[in-house]
Amino acid sequence: MAGAKEIRTQIGSIKNTSKITKAMEMVAASKMRKAQSRMAATRPYAEKMRNVIGHLFHAHPEYKHTFMIEREVKRIGYIIVSSDRGLCGGLNNNLFRRLFKELKEHRDAGVEVDFCTIGNKALGFFGRFGGNIVSQAVHLGDTPHIENLIGTVKVMLDAYADGKIDRISIAYNHFVNTMTQSPTFEQLVPIPSTAEEELKHHWDYIYEPGSKEVLENLLGRYVESLVYQAVVENGACEQSARMVAMKAASDNAGDLIDELQLIYNKARQAAITQEISEIVGGAAAV
Amino acid sequence: MAMTIHVDIVSAEGEIFSGLAEMVYAPAVMGEVGIAPRHTPLVTQLKPGEVRVDTGNSKEMQHFYVSGGILEIQPHVVTVLADTAIRAVDLDEAAAQEAKRRAEDAMSDRSAEFEYAKAQSELAEAVAQLRAIERIRKGKRS
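**Some remarks on the overall build of chain B**
Looking only at helices and strands, chain B features two helices and nine strands. Order of helices (α) and strands (β) in chain B, N terminus to C terminus: β-β-β-β-β-β-β-β-β-α-α. Looking at chain B as a whole, 37% of its 142 residues are labelled buried. In chain B, 47% of the contacts between residues at least 6 apart in sequence involve partners at least 24 apart. Summed over all atoms, the accessible surface of chain B reaches about 8,200 Å², with 54% contributed by carbon and sulfur.

**A look at the packing of helix H4 (residues 147–161) of chain A against helix H5 (residues 211–285) of chain A**
Residues and elements named next belong to chain A. Two numbers describe how H4 lies on H5: the axes approach to 10 Å, and their chain directions differ by 120 degrees. As the angle between them shows, H4 and H5 are arranged oblique. Here the hand of the crossing between H4 and H5 comes out right-handed. Contacts between H4 and H5 involve Leu-149, Ile-150, Val-153 and Leu-157 from the former and Gly-220, Val-223, Glu-224, Val-227, Tyr-228 and Val-231 from the latter. Of the residues assigned to the contact of H4 with H5, the class counts are eight nonpolar, one polar and one charged.

**Comments concerning the nonpolar core**
Grouped together as the largest cluster of nonpolar side chains are 55 residues, with contacts concentrated most on Ile-79, Ile-168, Leu-188, Leu-218 and Val-227 of chain A. Considering every element that reaches this core, the biggest residue donor is H5 of chain A, with 15 residues. Look past the residues within four positions of Ile-168 of chain A in its chain and what remains in contact with it is Gly-77, Ile-79, Met-156, Leu-157, Tyr-160, Glu-186, Gln-187, Leu-188 and Val-189 of chain A. Formed by 21 residues, the second largest nonpolar core is a distinct cluster that contains Val-33, Phe-64, Leu-71 and Ile-73 of chain B.

**A look at the pattern of salt bridges**
In this structure the tally under the stated criterion is ten salt bridges over all chains. Of the charged contacts in the structure, one is a salt bridge between Lys-154 of chain A and Asp-158 of chain A, with a shortest N-O distance of 3.5 Å. With Lys-154 of chain A and Asp-158 of chain A both in helix H4 and four residues apart, this pair spans about one turn of that helix. Under the relative-accessibility criterion, Lys-154 of chain A is labelled buried at 17%. Judged by relative accessible area, which is 27%, Asp-158 of chain A ranks as partly exposed. Across the pair Arg-221 of chain A and Asp-83 of chain B runs a salt bridge whose closest N-O atoms are separated by 2.2 Å. Placement of the pair is Arg-221 of chain A in helix H5 and Asp-83 of chain B in the loop between strand E9 (77–82) and helix H1 (89–108), with the two residues belonging to separate chains.

**Thoughts on the environment of Asn-217 of chain A**
Among the secondary structure elements, Asn-217 of chain A is positioned in helix H5. The exposure class assigned to Asn-217 of chain A is buried, which follows from its relative accessible area of 16%. Those residues in contact with Asn-217 of chain A that sit more than four places away from it in its chain are Gln-45 and Ile-70 of chain B.

**Concerning the side chain of Thr-42 of chain A**
Mapped onto the elements, Thr-42 of chain A comes out in helix H1 (residues 4–59). Excluding anything up to four places from it in sequence, Thr-42 of chain A contacts Tyr-228, Gln-229 and Val-232 of chain A together with Ala-12 of chain B.

**Considerations on the interface of chain B and chain A**
Counting residues at the interface gives 45 residues for chain B and 47 residues for chain A. At the junction of chain B with chain A, the criterion picks out two salt bridges. Seen at the junction of chain B and chain A, the total is eight residue pairs in polar contact (both at pLDDT 80 or more). Elements with a minimum of two residues in the side of chain B that touches chain A: strand E1 (5–11), strand E2 (14–21), strand E5 (42–46), strand E8 (69–74), E9, H1 and helix H2 (113–141) of chain B.

**Some points on the confidence of the model for chain B**
Per-residue pLDDT for chain B has a mean of 79; in total, 83% of the residues score no lower than 70. With pTM at 0.82, the complex prediction returns an ipTM value of 0.73.

**Quick look at the packing of helix H2 (residues 91–108) of chain A against helix H3 (residues 120–129) of chain A**
Residues and elements named next belong to chain A. Their axes nearest at 12 Å, the elements H2 and H3 cross at an angle of 40 degrees. Between H2 and H3, the angle falls in the class oblique. Considering how the two elements wind past one another, H2 and H3 form a crossing that is right-handed. Seen from H2, the contacting residues are Asn-92, Phe-96, Leu-99, Phe-100, Leu-103 and Arg-107; seen from H3, they are Lys-121, Ala-122, Phe-125, Phe-126 and Phe-129. Considering only residue class, the contact of H2 with H3 consists of eight nonpolar, one polar and two charged.

How each quantity is defined
Residues numbered from 1 in each chain as written. Chains lettered and ligands numbered in written order. Predicted model: local features only at pLDDT ≥ 70, side-chain atom pairs only at ≥ 80, totals over all residues. Heavy atoms only, no water. Helix = DSSP H or I, 4+ residues; strand = E, 2+ residues; numbered from the N terminus. Buried < 20%, exposed > 50% of the residue type's maximum accessible area, 1.4 Å probe, protein only. Contact = heavy atoms within 4.5 Å. Areas by Shrake-Rupley, 256 points an atom, 1.4 Å probe, with all protein chains shown as cover. Axes fitted to C-alpha atoms, helices over the stretch in contact; angles between N-to-C directions. Parallel < 35°, antiparallel > 145°, perpendicular 65-115°, else oblique. Left-handed = near helix turned anticlockwise from the far one by under 90°. Nonpolar A, V, L, I, M, F, W, Y, C, P; charged D, E, K, R; others polar. Core = buried A, V, L, I, M, F, W, Y, C linked by side-chain atoms within 4.5 Å. Salt bridge = Lys/Arg side-chain N within 4 Å of Asp/Glu carboxyl O. Polar contact = N/O pair within 3.5 Å; in protein donor to acceptor, adjacent residues only side chain to side chain. pLDDT = per-residue confidence, 0-100.

Right under this line is the structure:
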């Protein structure tokens, strides 16, 4: 019975691993639910803000803020939202791969890129890749706070205002459902014109202190809230991807244990048979 | 029943309050404003302070601390887009500098986290190889 003990210890270690993956699956499932409700909670703010911005544009169609004007694109700033931790399937890699394809197109067109990374994985990946990372934020945790993003986003917005970059895009995972997350790229600045329309009726507001100041204030916050939304959504994606990945890992561990158990039983039976035939042979010889 | 106005207080991280009120007080930049139903449409910035909502039904007023934001008033709807973070020009600037510095640190100090990630992937590869070898050996033996 040479291999029996080895196989038994292997079964034991796989069982331990599957316990961990099972636990991670359940933790991810409960965190996902929370992350989803957080995702829903961020929606009213952005919606209300879009409304007010829409009103402002309606009232001052002649005034164009820098964040509204399309420029010739020579340099693009990418805000890349990723997870802090691994073990979540291909979530980050899918996003990076898609982004790479887009970056290649830009490079062929002679457009340069700057990166702003959110999350450890993006920082690690684009650091190795050798991109120009102008700002970053890591360790946002399960409940990201907008305070931690303000500075990171401001670097980008300032660069845009100074004319260093001509467009800001965001790359994150869009939460479709628990099983599907789709890598998504969106243009943040200049603010796409669809965001400013769709008004049912409009009010003739009084602005304090002035419409331009209010608009200035609002636009920065609007971009921040979009980034925040993307971060929260990516968080929900991370948890659901992890849940699915860990479920697959637990299932695989179960299959592996079954297989090993069969091998173990066979080995044990072979040893017993051998012993019996030895005894019988011995008895016959006597 | 007295006239009421619908009040929504929302922040980027979630809804804070939603309901009817008889009167709302908010700290606008040009002085505190009190909003009664059918107030004229107004958009104003808020400074850090307290938003008070008088729900009218003899209960106490509800208080919400905001660290700034935007107040939007329509005749029957009041929306407070509250900031949860404390905002000021120099604070924002400091946060931006901090984010920049972190990025530069990470770029220059590749040895730390990136090396770790690389080592981790190499380790995973080695483990997988070992496991394959082990399995081949076992297959031969049985």
